[in-house]
Every structure is written in C-alpha cells, then in structure tokens.
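# What the coordinates show
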Amino acid sequence: MPDTSAAAWGLVPAVLLVTGFGLVLGWLVAGVDHALLAGEGLRSFVEPIRSGVRLLLEQRRSTLAPDSLLWRLGCAAVPVLGVLSLAVVPIGGRTLWSTSADLVWFNAMEAMLWAAVWLVGWGPNAFHALTGGYRFLAQGLAYELPLMFSLITVGVAAGSLRMTDIVAAQSDLWFVVTMPVAFVVFVGSGAAFAFWGPFAAPAGPDIAGGVGSELSGVDRLLLDVGRAVFLGATAAMAAALFLGGGSGPVLPGPVWHVLKTVAVVVTLVAVGRRMPVLRPDRTVEVAWMVLVPATLLQALVVAILLISGFYTS
Amino acid sequence: VDLTGRLRKWALERPRVLVTGATGTDSLRWAAESELDRRGWVLAQSPCDADVLLILGSTIPQLSAAVDLVWGQIPQPRCRVEVIDESDLAGQLDMAVRALVLSADRPESVAPQTAHQGMGESADVSMGHGGHSAGGHEQLETTSGATDGGADRSGHQAAGHLNHMGAEPEHEDMDPSPHGGTGGAVHEAPGHASHEHMGRAAEGGSDHATHEPMGHAHHGRGTPEGSDGAELAAVDGSGHAEGSGHEAMSHAAHGGEHTGHHMHHGGKVAGLDMAGTGPDRDGLQLDLLGVSLGPVLPGWPTGLVLQARLQGDVVTEADLSWVDASERMVHPPAAADSRRMALDHLAIFLWVAGWPRAARDARRARVGLGSTDPAERALAAGRAAKVARRVRHSRSLAWTVRGTGQLAGGDVLDRIRRWCALAAGEAAETLPFTPLEELASAVTGAELGTVRLIVASVDLGRTAPRHDVELAHA
C-alpha cells in the first residue's frame, strides 16, 4: 500500500490540506495575474481576496427560464474538479490518494470539466453564455488529446501511471529534458482547460464574458476560483511530471516543489498576458493539426529512448 | 464601526464599472476611463459583472431606455452615477462607493429571496405594477432583483414611468438616494425598480427580448427601424436572446408594434417563442435565433444596434442602425486629436480582443497626450509608440485576426495596423469612415466574436453630439 497523505494524516485533514493548497494555488495565480495586468506589485495579492469578498456580498442573479439546477451544479463543479485534480499531485511528498492510474485520474477531472463548464454556459438560457459553452466544448475536445498524449508520454518513460513512481523516475534527469514538447503542450492545454489567457475565448470580452456573462455573486466566485485553482493545479502537476517534483539540493523536497510550481505559474502568466485571446477556430485548428502530431512524435521519441535503455541506465 | 461593516467597505472600494455614454462624450469618457485606471477599477464585461453603472453625458431618451434595462441587470449592491462634466468626476466616483456600501448595508436590498409575489404571470404586470419584488424567485427571476419593496417606498409606478420615459430627465422622481453634487446624481439601488422584468413578464409579446424595451421606445419616440426589427423578431423568435445587455439593444426595434398586437406562433417556453429553423451554410436545417447587440454594450459603439439572425454563433443576416438617428454625422477630429482618437480605437479594440494589458497601455498613452505639460506629453508619445509597435508586431494578433472583416481598406489587421501607425504619430492617412451597410455585409457570415472584432476595428465616423438630429426626429 503506497504512502498516501490520507493514510498518513487521516482522510479529513488530508482533504482539508489539499483543498487549502488548491485555494492557495488559485490565489497565487490570481495574484500574479493581477500584478501583471495592473502593475501594482505585492498589493496585487490583496486584490483577489477583495474581489472574492465583494462577490460574496453580491446578489446572485438569475435569468428568464434558466435551467437552475444544472447551472448551479456546473458552477459548483468547476472548483470541486480543480481541487479533485490535485488529489494526485504530490503535496509534501505524498498524494492524497494513490492508484495505479493517477494520470488517468487527472485526465478524468479535466474531461469532467467539459460537462461542468458547458452547464455553466447552458444554464442561464442566454446566448452569450451558450456561445461560451460551445466554445469551451470545441476547445476541450481539441486539447484533450494533446494533453492525454503528453501525460501518456510521461507514463511511458516512467513505466508507471502512479505519481510517486513518476517523481522517483526523475531522480537522475528531469523529464522536461527529453520531452520539452510534452511539457509545453501540457501547460498550454491546462490553460485551455482553465480557459485562461490566450485560451480565454469561452469567457472572452467579445461575448460579454461568455460562460460567465450571466453570473454574479457566489456563482461567479465559484467559477473564477475554479479556473484559478485548475490553472494552479496544472502548474503543480507540471512541476511534478516534468520538473522532478521535489527533487533539488539543500532545501527540503516540498519547498522545491512549491518553488517550481511558482516558477511555472509566473512563466505561464507572463507569456499568456503578452498576447490577445486567440480566436477559438484558430486554436482548435492548431490543436488538431499541430499539437496532436507533435505530441505523438514526442511519444515516439520517448518510446525509442525507453527501448534503447536511456531511462533505466 | 463593526468588523463586518469595515470588511464590506474594503471589499466595495474597487467596484467594477460599466461605462456608457452618448455619442459625443468621448473626452468625458477618456477622462472617466483614466480616473478608473488610476483607481484600479476594472471595466465590467457585462451588466452582471458590474457594480457601478457610469452614465456619461445626458443620455437621449432612446438610449436611456436601454440604459435602464442594463441597470436592471446589475446585481445588488449596485450604484448608478450620472456624470455631466469631468470636473467632479472623482467626487462622483467616491460618492458611488459610498452609495454602494450603503446599498450593501441595507439588508432588505441584498436579501431579495422574500415572499413570492407572483410577478410575470400576466401581461398586466408590465403595466402599472411597479411595486413587486422582482429579484427573488428562481423560477421566473428575470432581473437583478430590484427589491424595490413596492411603490409605497419608492414612489415609482412602472406604467407611469413607461409613459414618460421619453420626456423626463432621469429618474429623479423615484430615487430617495443622496444626490450628487454639481456634475450629476448618484442613484442608489434600493427603491429603483428595474424595468427589465416588465417586458419579460409581458407574456403576450412576440419576443421577449425585443419586446421589453419597446415599451420605452414606443412611448418615447418611436424609431424608423421599428417595423424591420419587429418583423425579424416575429419570424425568429428569440428564446435565448436575453443576456447581458443585449436585450437592451433591441429597443430600437419595434417601435410600432407593441400595443395590443402580439404575434402568437410556434411553441412557447416561459413566454418566449421557440427558435425557428433555416438552412445553414452547409445546407443543414439549423436553429435560427434572432439576436440583437447594442446599443449599450461594453466595447461596442454606444447607440449602435445590430439586429442579427444567428445559427449557432454565426451571423447569417445582419442589420445595423443607430438607435438615435437614421443618418450618421461625419465629424473628422482635429488634427491634434487624431493620435488620441487612434489610441482610443486601439484601446477599445484591444479590450474586445482580450488583451487588457495593451489596452491599458493605450489608454494611458491617450491620457498623457492630452496633458498640457510638455514633458508628460513626450512621455506619453513614447508610450504610444511602444504600444503601437507591440500591437503591430504581435504575431499572435496577426495570426488570429488576419483575413477577417474584408472591407475597402483591407481586413481587420490592416485597419489595426493603420491605427497603430496613427497612434505612433507616423504620417499615415486616417481610415475612411465605414458606412453601416458595408459593415453589415462584412459581418454577415462571421462568427459572433469576429463580428465584435470587425466592429471595433472600423471608424464609423460618429463623433458629433446628436442633439440637433434628435430634435428633428421629435
């Protein structure tokens, strides 16, 4: 039985820890984002909290003939899925739970995000929100495969889908060295699933905020938090999958993991804010025509390296 | 002061703002936007996203109906600010925050889930039933919940309001809120009935989205576009057309149709017609949705209305018009202003294109160029050149917009690069004005987001105030 944080610290404390970690990650993402957008330095990290409190004070708005149940369900599901995807990310050297298919779990949470975001767009019975929902479906479909292939590439090299094995397999060489394409595609696809930055078309200003156009109060907060948590989870996962997780000199492992996660977040936000939102038909085309073949090639290269004994030596 | 109160005050110190202004209020809008940037207040993407509705200049009647509709969609706590001149802008915004906090402090105004008052079941509601609580119920909750608590408190009767919409100054009669200083008035949430539900509740309407505001338009002025819009809506139905601020736009349509003459056809859901179908570009039968954008929509020329039929998010038919006049007025900017105008165009385009950093830089340069201090101006000129260079050389922008919106002067990218050249102060000739008909044909066949980019990329040549034309129409 692998050493999970649920087994080590008890289920409830471990779940609380993971949730707290997810929220901190989301706060980090929102803070860095705000710092880049508004140029307010460290004060930027106060603003996400202020915005959250403001939304909690705000009335929940509804529309004419909404599908209330599915709408609210979708809003609530987004942050929950973000936190759940963290269940297989090592925090303090342990994942919340561990199965022989951790990578599949992470991927499954993303797949469920399709449904959740689609419902957020569908629920209010309004065309801007619905347009956002459509855009997300197309984007999710297009980026699911590249993301899956990049995850599989990691699994191939490590010979396991278990996170702790994957981190252990990088003790000599970080996977990013032999699979840079998979790394970039993974982080980019994460941004696409969080519909953030250049992939923000499902919530773009050109459709009045898209899936979020009819959201106010706690519903908007849930969606915003969910997106930020998911982006943070992607960064933490990328650090574990490609950057060796907690490995590093002097400092303890968890600190290294956090530092790498922060570095990924800062890089991601800095790059993402340098460009406009990309039109969804263009990004979808890239996913199918460029990213799918590229990740397949990457997997091939890694498979050849594996057979030649590169990873075991 | 209790902790909760202070927390509330702190949280509301940076509200999100939806700015709208009549044509010809550009300089006021520039001043307002720079003040918002200075305070770090963010521009809202939709009414739902907003806390403060900032109305610039004196809105003409046709527009004020749409503004009221947008106001009705803003969730509480909320605040409405009308600013006439820029001298007291900062004071007005400070006042807005105070009014927001006040509005949040009043529990009845933020807890709308009270007794079910049965709104919306009959057409009667839309007339003369101003006092119901609209905000509460989940089933038919259509508004942002103006719990105005009844006519007794607000002194506001919907019917009366509908009838005098065209002529009266703004809402002075019904808001018990503290009024602002010289520049305008701060209207506070409670006691202000949202108008949106009236139209929606009017079950007999041929199409709720286009129906509701018409009440205003009809009583107010009536518009030349009326019959077209009515026809369009009657054919399509627009079940989904309610959204953030879009229904506002349809208020130009329909002038003539609304009293007593209602079209019944097809199935209805919650009083809305089901969408019809038509062949799409691949020859399939797809839903046709009648949707209108404008006249009050962030990042959209105020007063412009797009009546469109959509299949999915592709516009299959488009009709563009100004809400306040049938012909446009061409008023070329003074040479000194052409750089600032170009930066303004860029700022709006970049905002719509989802590039908030570059948009902010463009706005900042625009402010500086208007300064009287030469050092400040030189600095701003540098900033303008920088943002222009960044946008012009952006490969991602080029990749994403190239080939869209072909007009006489090239595509969207060509026009944006021209704006960049102007903004950088290079001797480039200004863009030709785009007639609405040309624009309408350029947006036909485009996807909704692309439509927004195309509209934001052109110069429609309306910078003059419209009052003279107004009077002619009256």
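Up top is the structure.
Attention here is on the structure that accompanies the text. (Residues numbered from 1 in each chain as written. Chains lettered and ligands numbered in written order. Predicted model: local features only at pLDDT ≥ 70, side-chain atom pairs only at ≥ 80, totals over all residues. Heavy atoms only, no water.)

## Here's the deal with the sheet that holds strand 7 (residues 276–279) of chain B
Residues and elements named next belong to chain B. Quick note on the threshold: Strands qualify as paired when DSSP identifies two bridges or more between them. Strands here are runs of E lasting at least two residues and helices are runs of H or I lasting at least four, both read from the DSSP assignment and numbered beginning at the N terminus. Angular values range over 0 to 180 degrees, each being the angle between N-to-C directions of two axes fitted as lines to C-alpha atoms, with helices fitted over their stretch in contact.
If you walk across this open sheet you meet the 4 strands as 7-8-9-10, and the pairing is antiparallel. Of all the strands in the sheet, the pair left with one neighbour each is strand 7 and strand 10 (314–322). Within this sheet the neighbouring strands show an average axis-to-axis angle of 30 degrees, counted without direction. Of the pairings in the sheet, the one linking strand 9 (residues 304–311) to strand 10 comprises 8 bridges and is antiparallel in character.

## A short note on the interface of chain B and chain A
Applied cut-off: Contacts: residue pairs with any heavy atoms within 4.5 Å of one another. The term buried area means the drop in 1.4 Å probe accessible area that two parts suffer when joined, counted for both and summed. In the sections that follow, a salt bridge refers to a side-chain nitrogen of Lys or Arg positioned within 4 Å of a carboxyl oxygen of Asp or Glu. Amino acid classes used here: Ala, Val, Leu, Ile, Met, Phe, Trp, Tyr, Cys and Pro are nonpolar; Asp, Glu, Lys and Arg are charged; the rest, including Gly, are polar.
The interface of chain B with chain A comprises 70 residues on the first partner and 54 residues on the second. Together chain B and chain A conceal approximately 5,100 Å² of surface at their shared face, both sides included; 55% is due to carbon and sulfur atoms. If you look at where chain B meets chain A, you find 6 salt bridges. Here Arg135 of chain A ties to Glu447 of chain B by a salt bridge, and the two come within 2.6 Å at their closest N and O atoms. Where the side of chain B that touches chain A is concerned, the elements lending two or more residues are helix 1 (3–11), helix 8 (196–201), strand 8 (285–293), helix 13 (338–352), helix 14 (356–369), helix 16 (395–401) and helix 19 (448–457) of chain B. Per-class residue counts for the side of chain B that touches chain A are 29 nonpolar, 24 polar and 17 charged.

## Details of the pattern of salt bridges
Any two side chains of opposite charge can pair, given that their charged atoms come close. The line we're drawing: Three exposure classes are used, based on accessible area relative to the maximum for each residue type with a 1.4 Å probe and protein chains only: buried under 20%, partly exposed in between, and exposed over 50%.
Applying the stated rule across the entire model yields 32 salt bridges over all chains. Its salt-bridge partner being Asp49 of chain B, residue Arg220 of chain A comes within 3.4 Å of it at the nearest N-O pair. Remark: Asp49 of chain B occurs in the loop between helix 2 (26–39) and strand 2 (52–56) and Arg220 of chain A occurs in helix 10 (residues 217–242); the pair is interchain, linking two chains. In this structure Arg220 of chain A comes out as buried when scored by relative accessible area, which is 11%. Counted as one network, the salt bridges with shared partners bring together Glu40, Arg43, Glu47 and Arg50 of chain A together with Lys9, Glu13 and Arg14 of chain B.

## A word on unusual backbone geometry
In this model, Gln76 of chain B is joined to Pro77 of chain B through a cis peptide bond whose omega is -5 degrees. In this fold, Pro77 of chain B is placed in the loop between helix 3 (61–73) and strand 3 (79–83). The phi dihedral of Asn125 of chain A is positive, around 60 degrees, even though this residue is not glycine. Positionally, Asn125 of chain A belongs in the loop between helix 5 (102–122) and helix 6 (127–158). Exposure remark for Asn125 of chain A: the relative accessible area of 14% places this residue in the buried category. In this structure, Ala208 of chain A takes a positive phi of about 55 degrees despite not being glycine. One can find Ala208 of chain A in the loop between helix 9 (180–193) and helix 10. Since its relative accessible area comes to 1%, Ala208 of chain A is described here as buried.

## Things to note about the environment of Thr164 of chain A
Residue and element names in this part refer to chain A. Looking at where Thr164 falls in the secondary structure, it is placed in helix 7 (residues 163–169). Since its relative accessible area comes to 28%, Thr164 is described here as partly exposed. As for Thr164 and Gly93, which are separated by 71 residues in sequence, their C-alpha atoms are 8.1 Å apart.

## Things to note about a nonpolar patch on the surface
Residues and elements named next belong to chain A. Heads up, the condition is: Patch construction takes residues with relative accessible area above 30% that form no salt bridge. Like charges are linked within 9 Å, and nonpolar side chains (Val, Leu, Ile, Met, Phe, Trp, Tyr) are linked within 5 Å. Residue exposure ignores everything except the shown protein chains as possible cover, and the areas themselves are Shrake-Rupley values with a 1.4 Å probe.
A grouping of Leu11, Val12, Val15 and Leu16 is seen on the molecular surface, where their side chains present a nonpolar patch of about 380 Å² in accessible area. Mapped onto the fold, Val12 is located in helix 2 (residues 11–38). Classification of Val12 as exposed rests on a relative accessible area of 56%.

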